[in-house]
Amino acid sequence: MRLLDVSAVLDRERDIQRAGPKTKILKQLDDETAIYAILSHRWGTERNGYQKIIKSCEQAKKDGYDWLWIDTCCIDKRSSAELSEAINSMYRWYCNAQMCYVYLNDVDESALPSEQDFNRFGGSNGWPEWFSRGWTLQELIAPTELEFFNKDWLSIGTKQDLTSTLEEITRIPQGVLRGGKALSSTDPWERPSVAQIMSWAADRKTTRVEDRAYSLMGLFGVNMPMVYGEGSKAFQRLQLEIIRVTSDHSIFAWNPKRQGTRNLGSVLADDPNCFWGCHDI
């Protein structure tokens, strides 16, 4: 994986005039051995996006990390091969990070909201937007250490401290939030069912329809090639990959009456929304 050199980024920001084209701010490192922090966020305006990079580097420097991973900076999306590798590796990268910073650009307060507020967060089910996006599901579960920051980059708590509130927001059990390794457990009584995991993704949104499926691969421990343009077929392929590696029949427990379901003649669901309400299965 490519990682940002935190000191090089901050040095370049302090003295932009002296930073030449040969100033290297990215380095290829092994995620299994590198000690790094990672950023989870939603992009806003270009200016605010740049400030997020600088602020997250400052926080990483303050916490003693030399390396930082940010998706937009560390993935060359012009390369389909690199993008595919990154998407298939991303869950592992979040797992292996020593710290994950979550930046909530729509939270002003010094605490995470504990109740739904449709006046403030009407477009994201009454909670900060970060909790309504597809990719942030694995970014919440995978890291052991995770810290939330408000729009002014003030810490508003860690995942360990906020598990009760996070369970209320996401319906993810506290045991999973405290340790994402429960997903890879071989004990069927400890490991959540396929239907439960799918239910956590119900009602979440992604910019590309294919990412509804691609963003869930790490949670199920499967890999598959990226085929942007295939639309909802990506979710069909994901289910077939899950069936190939598990005998968990709860994958067939989706609700055919869930609004938006089109493929009523198939045993496979069209979309994660079909698993809404399956968190107790």
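In case you missed it, the structure is sitting above this.
Below is a short write-up of the structure. Owing to the predicted nature of the structure, the values given are computational and were not obtained by experimental measurement. (Residues numbered from 1 in each chain as written. Predicted model: local features only at pLDDT ≥ 70, side-chain atom pairs only at ≥ 80, totals over all residues. Heavy atoms only, no water.)

### Considerations on the overall build of the chain
To keep it simple, the criterion reads: Secondary structure counts use DSSP, requiring at least four H or I residues in a row for a helix and at least two E residues in a row for a strand, with both numbered from the N terminus. Any pair of residues with heavy atoms lying within 4.5 Å of one another is described as a contacting pair. Working definition of accessibility: Shrake-Rupley area with a 1.4 Å probe, residue cover restricted to the visible protein chains.
Across its full length, the chain holds eleven helices and seven strands. Long-range pairs, those at least 24 residues apart, make up 62% of the contacts in the chain between residues at least 6 apart in sequence. Counting every atom, the chain has about 14,200 Å² of accessible surface; 48% of that belongs to carbon and sulfur.

### Overview of a nonpolar patch on the surface
To keep it simple, the criterion reads: Surface patches are drawn from residues lacking salt bridges whose relative accessible area is over 30%; two like charges belong together within 9 Å, two nonpolar side chains (Val, Leu, Ile, Met, Phe, Trp, Tyr) within 5 Å. Counted as salt bridges are all cases of a side-chain nitrogen of Lys or Arg within 4 Å of a carboxyl oxygen of Asp or Glu.
On the surface, Leu240, Ile243, Phe252 and Val267 cluster together into a nonpolar patch covering about 350 Å² of accessible area. Looking at the element boundaries, Leu240 is found in helix α11 (residues 233–245).

### Some points on helix α4 (residues 80–96)
Helical geometry note: an α-helix holds 3.6 residues per turn, so side chains three or four residues apart project in the same direction. Condition: Helix span is expected to be 1.5 Å times the residue number reduced by one. The quantity called bend is, for any residue, the angle between two axes fitted respectively to the seven residues ending at it and the seven beginning at it. Here the term buried applies to any residue with accessible area under 20% of the maximum for its type, exposed to any over 50%, and partly exposed to those in between, with areas from a 1.4 Å probe on protein chains only.
With 17 residues, α4 extends 24 Å between its outermost C-alpha atoms, agreeing within 8% with the 24 Å of an ideal straight helix rising 1.5 Å per residue. Remark: the principal bend of α4, roughly 50°, maps to Ser89. Residues Leu83, Ser84, Ala86, Ile87, Ser89, Met90, Tyr91, Trp93 and Tyr94 constitute the buried set of α4.

### Points about the nonpolar core
Nonpolar side chains in soluble globular proteins tend to end up buried together. Quick reminder of the rule: Residues enter a nonpolar core if they are buried and are Ala, Val, Leu, Ile, Met, Phe, Trp, Tyr or Cys, with the set joined through side-chain atoms within 4.5 Å. Where each domain begins and ends is defined by an automated method or by a domain database.
Formed by 83 residues in total, the largest nonpolar core has its most connected members in Trp69, Phe148 and Leu238. The greatest single-element share of this core, amounting to seven residues, is contributed by α4. Split by domain, the residues of this core number at least three in each of domain 1 (1–182) and domain 2 (192–280). Excluding residues within four positions of it along the chain, Leu238 makes contact with Met198, Ala213, Leu216, Met217, Val222 and Met224.

### Focus on the environment of Gln196
The following threshold applies: Two N or O atoms count as a polar contact when they lie within 3.5 Å, although within protein this holds only if one can serve as hydrogen donor and the other as acceptor, and sequence-adjacent residues are included solely when both atoms are side-chain atoms.
Its place among the elements puts Gln196 in helix α8 (residues 194–201). Judged by its relative accessible area of 18%, Gln196 falls in the buried class. Each C-alpha atom of the pair Gln196 and Ile251 lies 9.1 Å from the other, and the pair is 55 residues apart in sequence. The contact partners of Gln196, leaving out residues within four places of it in the chain, are Cys278, His279, Asp280 and Ile281. At 3.0 Å, the side chain of Gln196 and the backbone oxygen of His279 are in polar contact.

### Quick look at the state of the cysteines
Worth spelling out the cut-off: For the purposes of this analysis, a disulfide is any pair of cysteine sulfur atoms at a distance within 2.5 Å.
If you walk through the whole model with that rule in mind, you get zero disulfides. The structure places no disulfide on Cys73, whose sulfur is separated from the nearest cysteine sulfur, that of Cys74, by 5.8 Å. With a relative accessible area of 23%, Cys73 lands in the partly exposed category.

### A look at the pattern of salt bridges
For the structure shown, the criterion picks out 13 salt bridges. Asp271 is the partner of Arg212 in a salt bridge, and the nearest nitrogen-oxygen pair spans 3.3 Å. With a gap of 59 residues between them, Arg212 in helix α9 (residues 211–214) and Asp271 in the segment after α11 connect regions that are remote in the sequence. Each member of the pair, Arg212 as well as Asp271, is classed as buried. A salt bridge links Arg244 to Glu241, with the nearest nitrogen and oxygen atoms 3.0 Å apart. Separated by three residues within a single helix, Arg244 and Glu241 lie in helix α11, roughly one turn from each other.

### Examining unusual backbone geometry
For Asn125, which is not a glycine, the phi torsion comes out positive at approximately 60°. Here Asn125 shows up in the loop between β5 (99–103) and α5 (135–141). The phi dihedral of Trp153 falls on the positive side, at around 65°, and the residue is not glycine. Residue classification places Trp153 among the buried positions, given a relative accessible area of 10%.

### A short note on the sheet that holds strand β4 (residues 67–69)
What counts here: At least two DSSP bridges between two strands are needed for those strands to be called paired. Under this scheme, a helix contributes an axis fitted over its contacting stretch, all axes are lines through C-alpha atoms, and angles between N-to-C directions fall in the 0 to 180 degree range.
The mixed open sheet is built from seven strands, whose spatial order is β2-β1-β4-β3-β5-β6-β7. The open sheet is flanked by β2 (26–28) and β7 (155–158), the only strands paired with a single partner. Pairwise comparison of adjacent strand axes, ignoring direction, gives a mean angle of 30° for this sheet. Note that strand β1 (residues 2–5) and β2 share three bridges and pair antiparallel. Residue pairing across strands places Leu4 opposite Leu26, the latter belonging to β2. Here helix α1 (residues 6–14) sits on the sheet and contacts β1 and β4; the angle it forms with β1, its principal contact strand, is near 45°.

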